[in-house]
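Secondary and tertiary structure notes
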Amino acid sequence: MKQTFSLLLFLLLTVSCTDPSHDSSVQAKVDSEHTGMILVEATGESTTLGTNEAAAASNAKPAMKVKFAYDFSLSKSEVTRSEYAALMEKNSSIPSDSAELPLTNVTYYDAVLYANARSVSESHDTAYSYSSATFDSEGSCTNLQGLVFDPSKEAYRLPTEAEWVLAAGEGWNTSSAWTNANSEYHSHPVCTIGENDLGLCDMAGNAMEWVNDWLGNLLDTSVTNSVGASDGGSLGQRVVKGGSYRNDPSNITLYSRGDVYAVTSATKATYVGFRLAFGSIPTPLWVGGTGVSSSRVSIVASSGQVKSVTGSYQTKLAFVNYETGNLAYVDFSNSSLAVTEIVDTHPVFHPDISPDGKRVAFCTKVEGVSGTSEVYVRDLNATGSNLVKLNVASAAIPRWRVVGGDTVIVYVTDAGNNKEDAEWKQKSTWQVSFAGGKFGTPVKLFDGSYHGGISKDGSLAVTGARLLRANVNGKDTVWYNGEQACNVSLSKDSTKRTLFLDFGSETGKIFVGKDYATHERLLFADSTGKLIQSIAAPTKYTFDHSEWSNVKNVAVATVTNTNGAHSAIYLINTADSSLLKVAEGDELWHPCLWVTYSDDFLYPYDYDNSSNASMESFFKLDIDSAGVYMTENNVVGESCILRYKMELLWKYYDSVQVAIIGSSRSFGGVNPILISSGYAVNFSHVPNDIYISEYFIQNYFLPLFPKLKTIVVSLDLDMWYKVNGDDWNTYYKESVGYQYDQNHNFWKDGIPVNLLQYTENAWGGSIDSRLQLTDSLGYNYQPSVGWGSSPELSRDSIFNDETTRLGEAMTSLENIILLSRNFNINVIGVIFPLSPLYAQTGSYGRYGLRRSKATALIEQLKVLEKIYSNFVLFDENKYGAHDYDDSKAANWDHLSGAGAAQLTTRLDSLLKTLE
């Protein structure tokens, strides 16, 4: 499912204070079997997710009706600190004055683990399964590898978004909730401000709440038993619902689906908690970019587990979702493992990914079935763009090769039964070049359909659709004693090993030493046809659709269960015969595994991952450190933004004349494309503080940007409460690439030519997001929503008044000015426009700071401007008395695209006046 990059930063809360009417017809009662739960009699009821209001965030549109064919139970209150400690922290002591506060500052994974723990404690099955867990230094779970939610289980779980909205809508009232209007900016004991019509507490306030759903697109349709999106897209975003003690009541709606910033499974905040649901969901439906489906594909292996087999995070798996008829793929280098399906009307079988990983070829007929087939090539992206058909009478089972530097596709005219010799020889094997998005002229290679592959030196070709046939140095022969074989695949390295499946044949039984069932074992033959290895299928499964990958000793195959369904895909490490399940689904066919390789390799398919000399030995840099600005232990969306900005840094370091850095306000407030006074790139990211800006300016910008003239830095005075190091240690420290840069003196002695390639290929990338960032030079466009009728106050106005911290931030800015002066670089400090309504609150901005304190800070900035000739203060806020109207605003403290255009135009004029 394609996600726009603007969702990475802003999941905007609505500024409207109205919600659609909600009929109070739902009945509920105390659940006598599950302590603290309310049984919601939802069968036959319906609710609406999202809205059609124009001012709403894009992820909350359009309105989608959800019907219920089941009842469920929901916690009366948010899970409290004492309840959580009783199950998860049994040796801890909770102070009595905080025991009944809602538990907050927990990740989605923490909530999942609590739900499982309560299920186990009451002898229920668990709704969530996973292979392993990762925890941070504070004990929060930051990753559950292979996490799968099973809605069929009678177990505790998080509520779906639809369940939450149905229950919350019964007596929805933000005026009877703990919000910033009455909370004094802290949480309160649960159930101390009233209940809604179903007897539920704190649905609108106190703590924002995790729900079970991924954040996916809503559809203008009606869905029964919705369980949300099948995945979180390339960014892995989750839905949170309701408001909290820090939100303004007018900004809390039933239809809002997120926080101001991106929310992933590893995100945690002091104002986000959860409540539990109980019960199974019959015939669940997932809603995604391909529509509504009862079929879902789950990725059950982590990127790290896949890397342990393939040697690289840069691994892609393509396959056919036979239930939908679509070609699907997953990129294991992404921070969120989302399955993307390419929807069209063509039959899709036997996909094969191109050597560069950017395209995929496929055919329209399966192996073993005679008849006319077509071969197509398309881009391997969400839309499957640039579809090209091979214009021949019939072509099947395409396989990519690299021959003498040229990229070609080998295909056969018919992939049917090859048992009868005379009939089989009427078929043929061909090769056609593919360059510039076009096919060349096909060239015939052999009589006979050798669709199992051709060795890189052309001396061996194999096939199998009844018989295991081989062409050895131009001569046809039959291997495996003429016994039945299929799913034949020739390795792409120099070993020329043939992988195939059989039907429990005598030759195989003799080699293995015991009887086995059809397709129960993968068999391997050497370049002469001699059996050399056998690997057994997982217990109670058999193999099908087996294929070599493009790296040595790694194969991939589907497995079928006792009902004959192709229910999973496994990676096979032939070096140690180990298996790794990577995907589960209803019918998964024809997998193809592609792994990146370096141009430094003499030949890509000779990379050997079986020894201690893993892929990094083929590079001059450490592949596990160089360019790794995001890791699996640091998967919050915030680290993802800066990871992309580092790609921009290494891509444009020798061109940048104007470098922009700062918070989300400059990220969406300065459009570098509109700057004509010099080549500009926006390196702003979230979260940011003045100290992180200083770090990048000192270690990257000043010493490494040879053409740099001006640095534009955002001055977010209401965020100057932050402590030096807090944001860095929380969001970025775990990413080893920064330490690797520091260990190499930030490359001041010379930047490696392939550091950009390492950064692009490191884990956590997203092709869509990368392209959008590249096109925008780091700018994040936001639509015009307006300043809103009531500005958000996330903290009390006096919160940010600590003189010491304000002074430390001012010192950091002065250091930036002094460092830049040593390089003859100008610094422009920008104060971005905020809602003019903050003038009515006594607070300078969203995060507090009394206006009198802000006035004193701005006077100090003016003094710096007089002292340092290379510093210019660019105050576009003017205490709210600015000329940025509602059309220029995205929300309370961020500019829209129109606002960014206005500010950038003025900034560009200022830049032209500077020496």
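Residues numbered from 1 in each chain as written. Predicted model: local features only at pLDDT ≥ 70, side-chain atom pairs only at ≥ 80, totals over all residues. Heavy atoms only, no water.

On inspection of all chains with the given rule, the structure shows 40 aromatic pairs. Summarising the aromatic geometry, the rings of Tyr-108 and Trp-210 are spaced 5.9 Å apart at their centres and angled 70° between planes, so their arrangement reads as edge-to-face. Remark: Trp-210 occurs in strand S11 (residues 208-214) and Tyr-108 occurs in helix H3 (residues 108-121); sequence separation between them is 102 residues. You'll find Tyr-108 and Trp-210 in the same group, each marked buried. Centroid distance Trp-728 to Tyr-732: 5.5 Å. Interplanar angle 55°. Geometry classified as tilted. Take Trp-728 and Tyr-732: they sit in the same class, and that class is buried. Each residue in the set Tyr-629, Trp-650, Tyr-653, Tyr-695, Phe-696, Tyr-700, Trp-728, Tyr-731, Tyr-732, Tyr-738 and Phe-746 is aromatic and connected to the rest through ring pairs, giving one cluster. Over the ring of Tyr-108 we find Arg-238, and its NZ or CZ is 3.8 Å from the ring centre. Taking NZ or CZ as reference, Lys-316 lies 5.4 Å from the ring centre of Trp-594, over its face. (Phe/Tyr/Trp six-rings, centres within 6.5 Å; stacked < 30°, edge-to-face > 60°. Helix = DSSP H or I, 4+ residues; strand = E, 2+ residues; numbered from the N terminus. Buried < 20%, exposed > 50% of the residue type's maximum accessible area, 1.4 Å probe, protein only. Lys NZ or Arg CZ within 6 Å of the ring centre and 35° of its normal.)

Looking now at the side chain of His-685. Note on placement: His-685 falls in the loop between strand S44 (680-682) and helix H10 (690-704). In this structure the side chain of His-685 is engaged in a polar contact, spanning 3.2 Å, whose partner is the backbone oxygen of Phe-683. Dropping the residues within four chain positions of it, His-685 is found in contact with Ile-641, Leu-642, Ile-661, Gly-662, Ser-663, Ser-664, Ile-692 and Tyr-732. (Polar contact = N/O pair within 3.5 Å; in protein donor to acceptor, adjacent residues only side chain to side chain. Contact = heavy atoms within 4.5 Å.)

With that out of the way, let us pick up the state of the cysteines. This model, assessed by the stated rule, comprises one disulfide. Paired by a disulfide, Cys-191 and Cys-201 hold their sulfur atoms 2.1 Å apart. Torsion about the S-S bond of the Cys-191 and Cys-201 cystine: about 105°, corresponding to right-handed handedness. Of this pair, Cys-191 sits in the loop between helix H4 (161-168) and S11 while Cys-201 sits in the loop between H4 and S11, and the two are 10 residues apart along the sequence. (Disulfide = S-S within 2.5 Å.)

Attention now goes to the environment of Lys-67. When you line up the elements, Lys-67 lands in strand S4 (residues 64-67). On the accessibility criterion, Lys-67 (38% relative accessible area) is partly exposed. Residues Lys-67 and Met-37, 30 residues apart in the sequence, show an inter-C-alpha distance of 22 Å. Those residues within four positions of Lys-67 in sequence are excluded, and the remaining contacts are Glu-45, Ser-46, Ser-222, Val-223, Thr-224 and Asn-225.

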